[in-house]
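# Examination of the molecular architecture
The residues making up each chain are set out below.
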Amino acid sequence: MKKPVIGITPSHNTDNDEISVRPTYLRAIEAAGGLSILLPLEVSAEDLKQLSGLCDGFLFSGGPDIHPFLLREETHMHCGNVSVARDTMELSLLKLAMEAKKPVLGICRGAQVINVGLGGDIYQDITSQAETGFPIAHKQPYSCCLPSHHVDVQRDTLLCGIADGKTQIEVNSSHHQAVRRIAPCLIASGHAPDGIIEALEMPDYPYLLALQWHPEYMWKTDTVSANIFKSFVEACRG
């Protein structure tokens, strides 16, 4: 059986201008039955359109902060490093993916890019901007292979189905930015106990799931994490 091709957006080291991808993404996609390719950052609009046509779905991977000007904001004092090249390519790719109605999975930064690209915004820094109660470690102090907090899952959502009907799941966490105002076309399907949005979906789209956590680190030991990649790859299979 021919494997679906998943285009993955790359990390960008702005110090030496190198691009890369964590092998955890590749292993998770392979285990789910997909074939991964790493997309370039320096690419013309015409070439990106051709490349996107070769892919059956897209994984918007984790990484550094989104440039605050895309939020029409000044730079917050706790904002981290950015890659304008990556912001530009990913926002263009998102538009192409959605025009073609191809499956989209966003992880961490990827979830934030999807929300911003569709008209929402984000906290530049959770700790200083979001009003929360118990200070949950959204950047956990130990291995990302272990869960650090729970996510409450909304019933009758894509995520709930992936989680076999569970309304609470265990996740890891490694971020200091997060979705603030949800894009009009999206819904929140998961929240952390402190109210931070952890999962977004688009109800009227073939497959769009945006997650704030990193299931690529937990798929070997966690059924829900494995099911996330299985459902995504199956959607890409068409």
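As annotated in an unreviewed UniProt entry, the protein carries the name Gamma-glutamyl-gamma-aminobutyrate hydrolase family protein and comes from Enterocloster bolteae.

### Observations regarding helix H3 (residues 84–99)
Here H3 spans 23 Å end to end across 16 residues, near enough to the 22 Å set by a 1.5 Å rise per residue. Residues of H3 that are buried make contact with strand S2 (11–13), helix H2 (45–53), strand S5 (57–60), strand S6 (104–107), helix H4 (109–117) and strand S13 (208–211). The positive-phi residue at the C-terminal boundary of H3 is Lys 101, with phi of around 55°.

### Focus: the environment of Pro 215
Mapped onto the fold, Pro 215 is located in the loop between S13 and helix H7 (223–237). Spatially, the C-alpha atom of Pro 215 lies 17 Å from that of Ala 137, the residues being 78 residues apart in sequence. Beyond its immediate stretch of four places on either side in the chain, Pro 215 contacts Ile 107, Ser 225, Ile 228 and Phe 229.

### Some remarks on the sheet that holds strand S12 (residues 197–201)
Taken in spatial order, the nine strands line up as S4-S1-S5-S6-S13-S12-S11-S8-S9 in an open sheet, and their pairing is mixed. Unpaired on one side and paired on the other, strand S4 (35–38) and strand S9 (168–171) mark the two borders of the sheet. Neighbour to neighbour, the strand axes of the sheet diverge by 25° on average, direction disregarded. In this structure, strand S11 (residues 187–191) lies alongside S12, joined through four bridges in antiparallel fashion. Following the sheet pairing, His 191 is matched in S12 by Ile 197. H4 rests against S5, S6, S12 and S13 of the sheet, and its axis sits at about 120° to S6.

### Notes on the side chain of Arg 109
Here Arg 109 lies in helix H4. We classify Arg 109 as buried; its relative accessible area is 1%. Excluding residues within four positions of it along the chain, Arg 109 makes contact with Ser 61, Gly 62, Gly 63, Pro 64, Asp 65, Ile 66, Arg 86, Asp 87 and Glu 90.

### Things to note about the pattern of salt bridges
In total, this model carries eight salt bridges according to the counting rule given. As a salt-bridge pair, Arg 109 and Glu 90 come within 2.9 Å of each other at their nearest N and O atoms. Here Glu 90 lies in helix H3 and Arg 109 lies in helix H4, a separation of 19 residues in the sequence. With respect to class, Arg 109 is no different from Glu 90; both count as buried. Here Asp 121 makes a salt bridge to Arg 180, at a shortest N to O gap of 3.3 Å.

Thresholds applied
Residues numbered from 1 in each chain as written. Predicted model: local features only at pLDDT ≥ 70, side-chain atom pairs only at ≥ 80, totals over all residues. Heavy atoms only, no water. Helix = DSSP H or I, 4+ residues; strand = E, 2+ residues; numbered from the N terminus. Expected span 1.5 Å × (residues − 1). Contact = heavy atoms within 4.5 Å. Pairing = 2+ DSSP bridges. Axes fitted to C-alpha atoms, helices over the stretch in contact; angles between N-to-C directions. Buried < 20%, exposed > 50% of the residue type's maximum accessible area, 1.4 Å probe, protein only. Salt bridge = Lys/Arg side-chain N within 4 Å of Asp/Glu carboxyl O.

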